[in-house]
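# Descriptive structure summary
Spelled out, the chains give:
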Amino acid sequence: MSFAKKLLNWYEENGRRLPWRGIDDPYKIWLSEIILQQTRIEQGRDYYLRFTEQYPTVRHLADATEAEVLKTWQGLGYYSRARNLHASARYIAYERGGRFPDTYEEILKLKGVGRYTAAAIASFAFRLPYPVIDGNVYRFVSRMYGIDTPIGNDAAYRQFEQLLLKLIDRERPDLFNHAMMDFGSTYCKPTGCDCKGCIFAEECVARREDRVEFLPVKGKTVEVKSRWLYYYYIVWETSGEQTTLMHCREGKDIWKGLYEFPLVESDHSLDNKELKQQHQQMLQRLGVKRPLSLTVSSPIKHQLTHRTIQATFVHIDLGDQSPLPLDGEKAFNMEEAQRLPVSRLMDIYMNG
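Conventions and cut-offs
Residues numbered from 1 in each chain as written. Predicted model: local features only at pLDDT ≥ 70, side-chain atom pairs only at ≥ 80, totals over all residues. Heavy atoms only, no water. Helix = DSSP H or I, 4+ residues; strand = E, 2+ residues; numbered from the N terminus. Contact = heavy atoms within 4.5 Å. Areas by Shrake-Rupley, 256 points an atom, 1.4 Å probe, with all protein chains shown as cover. Lys, Arg positive; Asp, Glu negative; His and termini not counted. Charge placed at Lys NZ, Arg CZ, Asp CG, Glu CD. Buried < 20%, exposed > 50% of the residue type's maximum accessible area, 1.4 Å probe, protein only. Polar contact = N/O pair within 3.5 Å; in protein donor to acceptor, adjacent residues only side chain to side chain. Arc of directions from axis to C-beta. Salt bridge = Lys/Arg side-chain N within 4 Å of Asp/Glu carboxyl O. Expected span 1.5 Å × (residues − 1).

## Some thoughts on the overall build of the chain
Of regular secondary structure, the chain possesses 15 helices and 8 strands. In terms of overall dimensions, the chain has a C-alpha envelope of 80 × 50 × 30 Å along the principal axes. Looking at the chain alone, contacts between residues at least 24 apart form 68% of all its contacts between residues at least 6 apart. Only carbon and sulfur atoms are counted for the fraction: they give 47% of the accessible area of the chain, which is about 18400 Å². Both charge centroids of the chain, one from 48 positive and one from 46 negative side chains, sit 3 Å from each other.

As structure tokens, this is what we get:
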């Protein structure tokens, strides 16, 4: 029995049932694939259902504002995915008349779409024989065939792609790709592999050569750097309601397009003396000599892929004193502030 036939027989009985499978709507398949980049299926499912309910077609997504899309995306992280999703939706809706690209090459041109995502959409939506290569597939194939090429670079991708092009079921590439990912995540796990229950155990080179724990070979790891952020949550009362200051992040840094409190960033953790000096400088900028209260939170650790954020929130209550305007900051009442798209870190503080 061929590799593909054996795998698809397993998938027919054991494949995961997910809301974006068994459909041929390229918009919803694309939406699911963008959401699932760097996201666990359990978390991604809720966001997929939220997006398809709020934006049932590519035109609905295109007609939304970027702030609305970022708010719907809030908490999912890697916000460039949401911005690229929105930009591509506008391209499809306004420049292609709502017609989704139907070739691998055209799909690959969409913002935020790489080889993996293009192959997934091409195979799932249009039944084109492009292999999907994610971490599960790298792990499964490297062990199955004893491949020790370090993964994470173009050379490795081409090597695995050429092998999978020989293995893929060209009549059912969508099911083959789903099966590869499901099998890898079920049996060929990073640790604790279920080799005894694996239907490919007798054929697996890594198992035969006792190399399961050594494959796949990982490429170079990226250094994780630390950043120290000091947020000033400034509130005062105007016409019977509380008001605060926030700004929208711009540039190419993290959280572009999201709102946050006035921020002071440091290249190190500030000691008590430095922190007090910083508070005084902020009060001078606000034109306030004595606030109603000033409290400092304990540092909050927030882990991103290549950054460790150490955030401290300084809550300054001005009572009925209105502050001087700060460059780049806008005043929002609390109801308005709650509607703004913010990072997960900000959301934890604001609503935690």
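## Let's talk about the side chain of Asp-169
By the element assignment, Asp-169 lies in the loop between α10 (154–167) and α11 (173–186). With relative accessibility at 15%, the residue Asp-169 sits in the buried group. Separated by 2.9 Å, the side chain of Asp-169 and the backbone nitrogen of Glu-171 make a polar contact. Side-chain polar atoms of Asp-169 contact the backbone nitrogen of Arg-172, separated by 3.0 Å. Ignoring anything within four residues of it in the chain, the contact list for Asp-169 reads Ala-4, Leu-8 and Phe-176.

## As for the environment of Ile-254
Along the chain, the position of Ile-254 falls in the loop between β2 (241–248) and β3 (259–260). Taking the C-alpha atoms as reference points, Ile-254 and Arg-307, 53 residues apart in sequence, are found 9.7 Å from one another. Sequence-distant contacts of Ile-254, defined by excluding residues within four places in its chain, comprise Arg-227, Arg-249, Leu-304 and Ile-309.

## Thoughts on the environment of Phe-126
With respect to the helices, strands and loops of the structure, Phe-126 is situated in helix α8 (residues 115–126). Along the backbone, Phe-126 and Pro-26 are 100 residues apart, and their C-alpha atoms lie at a distance of 7.9 Å. Residues contacting Phe-126, with those up to four places away along its chain left out, are Pro-26, Phe-100, Pro-101, Asp-102, Ile-107 and Ile-121.

## Thoughts on helix α5 (residues 66–73)
The periodicity of an α-helix, 3.6 residues per turn, causes residues three or four positions apart to be oriented the same way. Here α5 has its buried residues at Val-69, Leu-70, Thr-72 and Trp-73. The buried residues of α5 occupy an angular sector of 160° when the element is viewed end-on, so they sit on one face. Each element contacted by the buried residues of α5 is listed here: α2 (26–36), α3 (41–54), α4 (58–63) and α6 (80–95).

## Things to note about the pattern of salt bridges
With the rule as written, the count across this model stands at 16 salt bridges. The closest approach of N and O atoms between Glu-203 and Lys-6, which form a salt bridge, is 2.6 Å. Taken together, the residues span a long stretch of sequence, with Glu-203 in the loop between α11 and α12 (205–208) and Lys-6 in helix α1 (residues 3–14) at a distance of 197 residues. Owing to a relative accessible area of 23%, Lys-6 belongs among the partly exposed residues under this scheme. With its nearest N and O atoms 2.8 Å apart, the salt bridge here joins Asp-182 to Arg-21.

## Let's talk about α3
Over its 14 residues, α3 runs 20 Å from end to end, which matches the ideal 20 Å to within 8%, given 1.5 Å per residue. The complete set of buried residues in α3 reads Ile-41, Gly-44, Tyr-47, Tyr-48, Phe-51 and Thr-52. Seen end-on, α3 carries its buried residues on one side only, within an arc spanning 130°. Across α3 from its buried face, at more than 90 degrees, point the exposed residues Glu-42 and Glu-53.

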